[in-house]
Amino acid sequence: MKRVTTYRKIIEVFRLYGINLAGKRKFDHFYRDLKMDRVFVNGLVFDLELATLKELNEDEVFTLEAPAQVIRKLVEAA
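All figures in this text were calculated on a predicted structure; none of them were measured in a lab. (Residues numbered from 1 in each chain as written. Predicted model: local features only at pLDDT ≥ 70, side-chain atom pairs only at ≥ 80, totals over all residues. Heavy atoms only, no water.)

Q: Any chance you could explain the nonpolar core here in plain terms?
A: Taken as a class, soluble globular proteins show a tendency for nonpolar side chains to be buried jointly. Among the nonpolar cores identified, the biggest contains 18 residues, and Phe14, Ile19, Phe30, Leu44, Leu48 and Val70 are the most heavily contacted of them. Listed by contribution, the elements that provide at least two residues to this core are α1 (2-16), α2 (38-52) and α4 (67-76). Among all residues touching Phe30, those that are not within four sequence positions of it are Phe14, Ile19, Lys35, Met36, Val41, Leu44, Leu64, Glu65, Ala66, Pro67 and Val70. (Core = buried A, V, L, I, M, F, W, Y, C linked by side-chain atoms within 4.5 Å. Buried < 20%, exposed > 50% of the residue type's maximum accessible area, 1.4 Å probe, protein only. Helix = DSSP H or I, 4+ residues; strand = E, 2+ residues; numbered from the N terminus. Contact = heavy atoms within 4.5 Å.)

Given below as structure tokens:
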């Protein structure tokens, strides 16, 4: 049950940023496909960490390129 709550929080934050996670859209590249700036990606990751009460390693954050990667890292950080 706790994992479902975590996924709901993650989806809500992505929704606030206007990122659709349906279908193959969750694999869109932040910089190429979604045309996001590094500052916005860092803000997104920060908001996701805040919502899930989990913290990612700084080195991991710089390698994230798609929403699916962020979701996997946050769920693994349990």
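From this point, things continue past the structure.
Q: What's the story with the pattern of salt bridges in this structure? I'm lost.
A: Pairing is possible between side chains that carry opposite charge, provided their charged atoms lie close to one another. With the rule as written, the count across this model stands at three salt bridges. With its nearest N and O atoms 2.8 Å apart, the salt bridge here joins Asp28 to Arg25. Note that Lys73 and Glu60 form a salt bridge whose closest N and O atoms lie 3.9 Å from each other. Note that Lys73 is positioned in helix α4 and Glu60 in helix α3 (residues 58-63), a separation of 13 residues in sequence. (Salt bridge = Lys/Arg side-chain N within 4 Å of Asp/Glu carboxyl O.)

Q: Sorry, what's going on with unusual backbone geometry here?
A: What you tend to see is this: most non-glycine residues have negative phi, and most peptide bonds are trans. Its identity as a non-glycine residue notwithstanding, Lys35 has a phi of 55°, on the positive side. Tracing the chain through its elements places Lys35 in the loop between α1 and α2. The class for Lys35 is exposed, based on a relative accessible area of 68%. Residues other than glycine seldom take positive phi values, yet Leu53 does so here, at roughly 60°. With respect to the element layout, Leu53 can be found in the loop between α2 and α3.

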